[in-house]
Amino acid sequence: MHKRAYSESVALANRTLGRSDEKSFAKELKGEDKNDEKQGHKLENVVVRIRKLEKNEESSLHTDPNDKTTLYFNKDFSIEKYNFDMVFNENDNNEIIFKKIGGHLIVNNVCRGFKETVITYGQTGSGKTYTLFGSNKEYGIVYYFVYHLYKLCNFKNKKKTIYLSIYEILGDTLVDLISYQNEKSIEFYTEEYYLKTIRYPYKVVNIKNYETAKKIIDTACLLRNVEATSQNMRFERCKEAHCKEAH
């Protein structure tokens, strides 16, 4: 499993997110902000994603091409209808999801001092890790969030410090997924998390740029203690990645 996961990490490391032109990025930010205002984002949004099907697998979930907020569920001999803030079908990739859920607005809010949280919830194999961390074919939305966070901070030329912590909770145990390798070259401090009566320390790392953050996230995926599913090599279970910005 580790060899396969390492190959996936290398494939991710060889790809880069484009758009180095600052003018195009500024235009993109303005456009996304206008779209977000039109959509009228709420404090909380619940969206649903239909994962891609395996061979010989038939879906019981369907979307309405004219209504992106409706989900239909074929249950026995009836069809149940559910409404959410947004519904994504199996053809929507992670970049589309990042943009449609207001990813640029979320990054802007973080830079303005607000706290933002993105949670994926679902049964085993439903596509939580694929959405958050992607695969060897595409980036997950976590990479888009971190990339645009650094891009926005650099674009505005403001002195900001970005900290990153990644840990995994398995039952009553917390595992710090920030690697101890190259610890001397990275500035960090330690915080503590209590699970019942046990205290678990984890590192909060000061990250200077997106490339370093990406390597740490890739390495964290390799250090996890859970097994892969048919959807991807890096299965998600109570894993938290915190990225906060300070002046």
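Residues numbered from 1 in each chain as written. Predicted model: local features only at pLDDT ≥ 70, side-chain atom pairs only at ≥ 80, totals over all residues. Heavy atoms only, no water.

On a regular strand, each side chain points to the face opposite its neighbour's, so the side chains alternate between the two faces of the sheet. A large share of strand S6 (residues 161-170) lies buried, amounting to eight of its ten residues. The sheet contact formed by S6 and strand S9 (residues 198-207) spans three bridges and is antiparallel. Its bridge partner lying in S9, Ile 162 is registered against Ile 207. The sheet contact formed by S6 and strand S7 (residues 173-176) spans four bridges and is antiparallel. Note that in S7 the partner of Ile 169 across the bridge is Leu 174. Connecting S6 to the antiparallel partner S7 that follows it, the hairpin turn spans two residues, and Gly 171 within it adopts a positive phi of roughly 65°. (Buried < 20%, exposed > 50% of the residue type's maximum accessible area, 1.4 Å probe, protein only. Helix = DSSP H or I, 4+ residues; strand = E, 2+ residues; numbered from the N terminus. Pairing = 2+ DSSP bridges.)

Position of Ser 126 among the secondary structure elements: in the loop between helix H4 (103-111) and helix H5 (128-133). Measuring from C-alpha to C-alpha, the distance between Ser 126 and Ile 50 comes to 8.3 Å, with 76 residues separating the pair along the chain. Within the structure, the side chain of Ser 126 is placed 2.7 Å from the backbone oxygen of Gln 123, a separation counted as a polar contact. (Polar contact = N/O pair within 3.5 Å; in protein donor to acceptor, adjacent residues only side chain to side chain.)

For the rest of this paragraph, the subject is unusual backbone geometry. One non-glycine residue, Asp 76, lies in the positive phi region at around 55°. Relative to the helices and strands, Asp 76 is located in the loop between strand S3 (67-75) and strand S4 (78-83). Its identity as a non-glycine residue notwithstanding, Lys 196 has a phi of 60°, on the positive side. With respect to the secondary-structure elements, Lys 196 resides in the loop between strand S8 (188-195) and S9. Residue Lys 196 is classed as exposed on the basis of its relative accessible area, which comes to 69%.

This next bit is on the side chain of Thr 131. Considering the arrangement of structural elements, one finds Thr 131 in helix H5. With a relative accessible area of 11%, Thr 131 lands in the buried category.

As enumerated under the stated definition, the model contains eight aromatic pairs in all. Arranged with centres 5.1 Å apart and planes meeting at 55°, the rings of Tyr 139 and Tyr 143 form a pair that is tilted. When sorted by exposure, Tyr 139 lands in the same class as Tyr 143, which is buried. Ring geometry for Tyr 147 and Tyr 210: centres 5.3 Å apart, planes at 85°, overall edge-to-face. With Tyr 147 in helix H6 (residues 141-155) and Tyr 210 in helix H7 (residues 210-222), the pair connects residues that are 63 residues apart, well separated along the chain. By relative accessible area, Tyr 147 is classed as buried at 10%. Cluster of aromatic residues (ring-pair linked, three or more members): Phe 98, Tyr 139, Tyr 143, Tyr 144 and Phe 145. (Phe/Tyr/Trp six-rings, centres within 6.5 Å; stacked < 30°, edge-to-face > 60°.)

Our focus in this paragraph is the sheet that holds strand S2 (residues 61-64). The strand order across the open sheet built from three strands is S2-S3-S4, with neighbouring strands paired in antiparallel fashion. In this open sheet, the two strands that pair with only one neighbour each are S2 and S4. Pairwise comparison of adjacent strand axes, ignoring direction, gives a mean angle of 30° for this sheet. Here six bridges tie S3 to S4, and the two strands are oriented antiparallel to one another. Following the sheet pairing, Lys 75 is matched in S4 by Ser 78. (Axes fitted to C-alpha atoms, helices over the stretch in contact; angles between N-to-C directions.)

This brings us to the UniProt feature "binding site: ATP" (unreviewed entry) in the protein chain. Mapped onto this structure's residue numbering, the UniProt feature "binding site: ATP" (unreviewed entry) falls at Gly 122, Gln 123, Thr 124, Gly 125, Ser 126, Gly 127, Lys 128 and Thr 129. Following the sequence through the fold, Lys 128 ends up in helix H5. On the accessibility criterion, Lys 128 (11% relative accessible area) is buried. Here Thr 129 falls in the buried class, since its relative accessible area comes to 2%. (UniProt positions renumbered as here; feature names shortened; annotations may be inferred.)

What follows concerns the pattern of salt bridges. The final tally for this structure, using the stated rule, is six salt bridges. In this structure, Lys 75 engages Glu 80 in a salt bridge whose closest nitrogen and oxygen atoms are separated by 3.7 Å. Linking Asp 172 and Lys 196 is a salt bridge whose minimum nitrogen-to-oxygen distance equals 3.2 Å. With Asp 172 in the loop between S6 and S7 and Lys 196 in the loop between S8 and S9, the pair connects residues that are 24 residues apart, well separated along the chain. (Salt bridge = Lys/Arg side-chain N within 4 Å of Asp/Glu carboxyl O.)

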